[in-house]
Amino acid sequence: MSISRRSARTLRALGVASASAALALGAAGSALACDITEFSAEAKCEGGKGVVVVTDKDPTGTPAVVSVFLENNGADARKVGQKRVTGSLKGTAVTFTEDWQPNAIYRVHVTAGKGKGKKKALVDADIAPNLTTPSTACTTQESKSPTPSTPTSRPPSPTKSAPAAGATTPSGSQSSTAPAGTASNAPSPAAGDSNLAETGASSNTGLIAGIAVALVVVGGGAVFLGLRRRGANGGR
């Protein structure tokens with residue numbers, strides 16, 4: 001049975017549409033596949049220590065393995081570390097602790113989309129160009145409190161000077177007695193009180209003593225007059 005021209009045209013149009021759709025799906029698949037350009041690396045300082053941060057912005061979320069190497073004259077000097085990361089549209093970061101030196105060079109290698117049964121990974125390349133660290137090293141931000149300095153030697157204690165030759169040192173009894181002329185806190189006794197304390201008599205002692213003196217004088221005068229009269233009578 002022969003195919004009519006109309007049927008042939010219809011089949012041809014369907015073939016062209018299928019091919020176009022296949023090309024479009026292939027282009028879309030290539031655009032959505034994981035790519036090395038979606039990875040970036042940066043050297044930073046966190047808490048005064050150096051780190052290398054690798055960010056994966058793969059929107060398909062393809063699991064990847066990131067390896068970081070320190071370079072020396074174009075060759076790997078040592079491997080810093082290796083970590084797994086699953087990318088996202090906003091970006092997923094993995095951090096490698098590394099006390100990097102200024103102007104150091106690091107090679108960052110990414111392997112992604114290599115599963116079981118796959119002969120070739122979607123990504124198996126280095127991030128270009130290599131990572132170069134800043135020209136200034138990280139410094140510790142923690143402030144150290146100053147420690148008080150301890151004196152190495154104590155100042156000499158004052159020594160008592162020896163007494164000069166011939167000088168007498170006051171004894172304990174002399175040094176303890178109060179100096180002369182120091183007024184006593186006790187009230188001084190009155191004149192009458194002092195006489196009473198000395199004689200033991202009352203306050204009329206002065207009057208009695210005056211009377212006694214007067215009697216003595218009168219008596220003496222009487223004796224004198226008597227003796228004079230007796231002498232006058234004897235002369236007659």
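Each value, and the rule that gives it
- Residues numbered from 1 in each chain as written.
- Predicted model: local features only at pLDDT ≥ 70, side-chain atom pairs only at ≥ 80, totals over all residues.
- Heavy atoms only, no water.
- Helix = DSSP H or I, 4+ residues; strand = E, 2+ residues; numbered from the N terminus.
- Buried < 20%, exposed > 50% of the residue type's maximum accessible area, 1.4 Å probe, protein only.
- Salt bridge = Lys/Arg side-chain N within 4 Å of Asp/Glu carboxyl O.
- Polar contact = N/O pair within 3.5 Å; in protein donor to acceptor, adjacent residues only side chain to side chain.
- Contact = heavy atoms within 4.5 Å.
- Phe/Tyr/Trp six-rings, centres within 6.5 Å; stacked < 30°, edge-to-face > 60°.
- Lys NZ or Arg CZ within 6 Å of the ring centre and 35° of its normal.

**Considering unusual backbone geometry**
Where the residue is not glycine, phi is negative for most of them; where a peptide bond is considered, it is trans in most cases.
For step 1, the next point in the chain: Note that the residue after Ala-128, namely Pro-129, is joined by a cis bond; omega there is -5°.
For step 2, the next point in the chain: For Pro-129, the location among the structural elements is in the loop between strand 7 (123-126) and strand 8 (131-132).
For step 3, the next point in the chain: Positioned with a positive phi, Asn-73 is a non-glycine residue whose angle comes to about 60°.
For step 4, the next point in the chain: A residue is classified by how much of its surface remains accessible, and Asn-73, at 79% relative accessible area, is exposed.
For step 5, the next point in the chain: The backbone of Asn-103 sits at a positive phi, close to 60°, despite the residue not being glycine.
For step 6, the next point in the chain: Locating Asn-103 in the fold gives a position in the loop between strand 5 (92-97) and strand 6 (105-112).

**Description of the pattern of salt bridges**
For step 1, the next point in the chain: Under the defined criterion, the tally for this structure stands at 5 salt bridges.
For step 2, the next point in the chain: Of the charged contacts in the structure, one is a salt bridge between Lys-44 and Glu-42, with a shortest N-O distance of 3.8 Å.
For step 3, the next point in the chain: Put simply, Asp-76 and Arg-107 hold a salt bridge, and the shortest N to O gap is 2.7 Å. Linking Asp-76 in strand 4 (residues 75-86) with Arg-107 in strand 6, this pair joins segments that are 31 residues apart in sequence.
For step 4, the next point in the chain: With relative accessibility at 39%, the residue Asp-76 sits in the partly exposed group.
For step 5, the next point in the chain: Residues participating in the shared-partner salt-bridge network are Glu-71, Asp-76, Arg-107 and Asp-126.

**Digging into the side chain of Arg-107**
For step 1, the next point in the chain: A relative accessible area of 16% means that Arg-107 is categorised as buried.
For step 2, the next point in the chain: Here the side chain of Arg-107 touches Asp-76 through a polar contact of 2.7 Å, side chain to side chain.
For step 3, the next point in the chain: Excluding residues that lie within four positions of it along the chain, Arg-107 makes contacts with Ser-67, Val-68, Phe-69, Glu-71, Asp-76, Asp-126 and Asn-130.

**Quick notes on the packing of aromatic side chains**
For step 1, the next point in the chain: Tallied over the entire structure, the rule returns 0 aromatic pairs.
For step 2, the next point in the chain: Against the face of Phe-96 rests Lys-83, its NZ or CZ located 5.3 Å from the ring centre.

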